[in-house]
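One letter stands for each residue in the lines below.
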Amino acid sequence: RTTLNLKRNHNRVIDIGVSYGRVDRLLAKEYPSVNWDLVDFPTTLEEENQDVKLDNMEFYSGYPLEFLEETKNQYDVAIFNRTLALMGRSQIDEYLKALKNKTRYIVFGEPCRIDYEPGNLDIDWLHPDYPRCYGSFLVHNYRAVFEAAGYRLLHYDAQRGRCINSTPLHFLIRGVAEPIS
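First, a word on what this report is: a plain description of the structure on this page. (Residues numbered from 1 in each chain as written. Predicted model: local features only at pLDDT ≥ 70, side-chain atom pairs only at ≥ 80, totals over all residues. Heavy atoms only, no water.)

## Description of the environment of Asp55
Along the polypeptide, Asp55 turns up in the loop between α3 (45-48) and β3 (57-61). You can call Asp55 exposed: its relative accessible area is 80%. Here the alpha-carbon distance between Asp55 and Lys29, two residues 26 residues apart in the chain, equals 9.5 Å. (Helix = DSSP H or I, 4+ residues; strand = E, 2+ residues; numbered from the N terminus. Buried < 20%, exposed > 50% of the residue type's maximum accessible area, 1.4 Å probe, protein only.)

Okay, structure coming up:
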């Protein structure tokens, strides 16, 4: 919300790896003048999201990186919500490169570890080229990855996420970055 409350240049947001747009719907309803591009792999993405779709939300099926490289749209905010943790370093670099001249801010929230398990929440010690494998996702040193790609972190912390159904509670690494001109 904070980035959407700033002066907007484009009135457009992209959610990369949206899956199900329940949270996007809440924000799209709160910001009806903002257009939402919601991109993910499933060919049935639009059908799966019919119950949450609003007039200012467009769902695009396909490889999100190709969409970014081909679109002429400019964005105020690009969102990665539990998406970067499914990518290797080189793939993240490709996304950050594609977004560099297309977005004002990148907002991300990525799993770090399950709440009740021991482990360090400080991931800055991780080498940026060697993420820690944790269950089905990778934990990256996001500070180093974003800075190496030419972004400045405006916000960066760890926050306890919410439990959804039987999914264990995760700590999330949350951040807001802007490209350095």
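## Things to note about the pairing of strand β4 (residues 75-81)
With 6 of 7 residues buried, β4 is to be regarded as a mostly interior element. When strand β1 (residues 12-16) meets β4, the two strands line up parallel, connected through 3 bridges. What sits directly across from Val13, in β4, is Val77. (Pairing = 2+ DSSP bridges.)

## What to know about helix α2 (residues 22-30)
The set of residues buried in α2 consists of Asp24, Leu27 and Ala28. For α2, the buried positions fall inside an angular range of 100° around the axis, keeping them on one side. Pointing more than 90 degrees away from the buried face of α2 are the exposed residues Leu26 and Lys29. Check the buried side of α2 and you find it contacts β1, β2 (35-40), β3 and β4. (Arc of directions from axis to C-beta. Contact = heavy atoms within 4.5 Å.)

## A short note on the environment of Ala149
Of note, Ala149 is situated in the loop between α6 (142-148) and β8 (151-160). Using a relative accessible area of 24% as the deciding quantity, one classes Ala149 as partly exposed. In sequence terms Ala149 and Glu94 are 55 residues apart; their C-alpha atoms lie 9.3 Å from each other.

## Some words on the packing of aromatic side chains
Tallied over the full model, the rule gives 7 aromatic pairs. Between the aromatic rings of Phe41 and Tyr63, the centroid separation amounts to 5.6 Å while the plane-to-plane angle is 25°, which identifies the pairing as stacked. Here the residue Phe41 occupies a position in the loop between β2 and α3, and Tyr63 occupies one in the loop between β3 and α4 (64-70), the gap between them amounting to 22 residues. Taking the centre distance of 5.8 Å and the plane angle of 80° together, the rings of Phe146 and Tyr151 count as edge-to-face. There is no split in this pair, since Phe146 and Tyr151 are both buried. An aromatic cluster of at least three residues, connected via ring pairs, comprises Phe108, Tyr142, Phe146, Tyr151 and Tyr156. The ring of Tyr151 carries the charged tip of Lys100 above its face, separated from the ring centre by 5.6 Å. (Phe/Tyr/Trp six-rings, centres within 6.5 Å; stacked < 30°, edge-to-face > 60°. Lys NZ or Arg CZ within 6 Å of the ring centre and 35° of its normal.)

## Description of a negative patch on the surface
On the surface, Glu66, Glu69, Glu70 and Glu94 cluster together to form a negatively charged patch. Sorting elements by how many residues they give to the negative patch places α4 first, with 3 residues. (Patch = residues over 30% accessible without salt bridge, like charges linked within 9 Å, V, L, I, M, F, W, Y side chains within 5 Å. Areas by Shrake-Rupley, 256 points an atom, 1.4 Å probe, with all protein chains shown as cover. Salt bridge = Lys/Arg side-chain N within 4 Å of Asp/Glu carboxyl O. Lys, Arg positive; Asp, Glu negative; His and termini not counted. Charge placed at Lys NZ, Arg CZ, Asp CG, Glu CD.)

## So, the nonpolar core
With 34 residues, the main nonpolar core has Phe80, Phe108, Tyr142 and Phe146 as its most contacted residues. With 5 residues, the top contributor of residues to this core is helix α5 (residues 89-99). In this structure, Phe80 is in contact with Ile16, Met87, Tyr95, Leu99, Ile106, Val107, Phe108, Gly109 and Glu110, ignoring residues within four places of it in sequence. In this structure, Leu4, Trp36, Phe59 and Val77 belong to the second largest nonpolar core, which totals 16 residues. (Core = buried A, V, L, I, M, F, W, Y, C linked by side-chain atoms within 4.5 Å.)

## Brief notes about the environment of Tyr75
Within the secondary structure, Tyr75 sits in strand β4. For Tyr75, a relative accessible area of 0% gives the class buried. Distance in space between the C-alpha atoms of Tyr75 and Asn35 is 9.3 Å, their sequence separation being 40 residues. Filtering out sequence-adjacent residues up to four positions away, Tyr75 remains in contact with His10, Arg12, Val13, Ile14, Asp37, Phe67, Lys102, Thr103 and Arg104.

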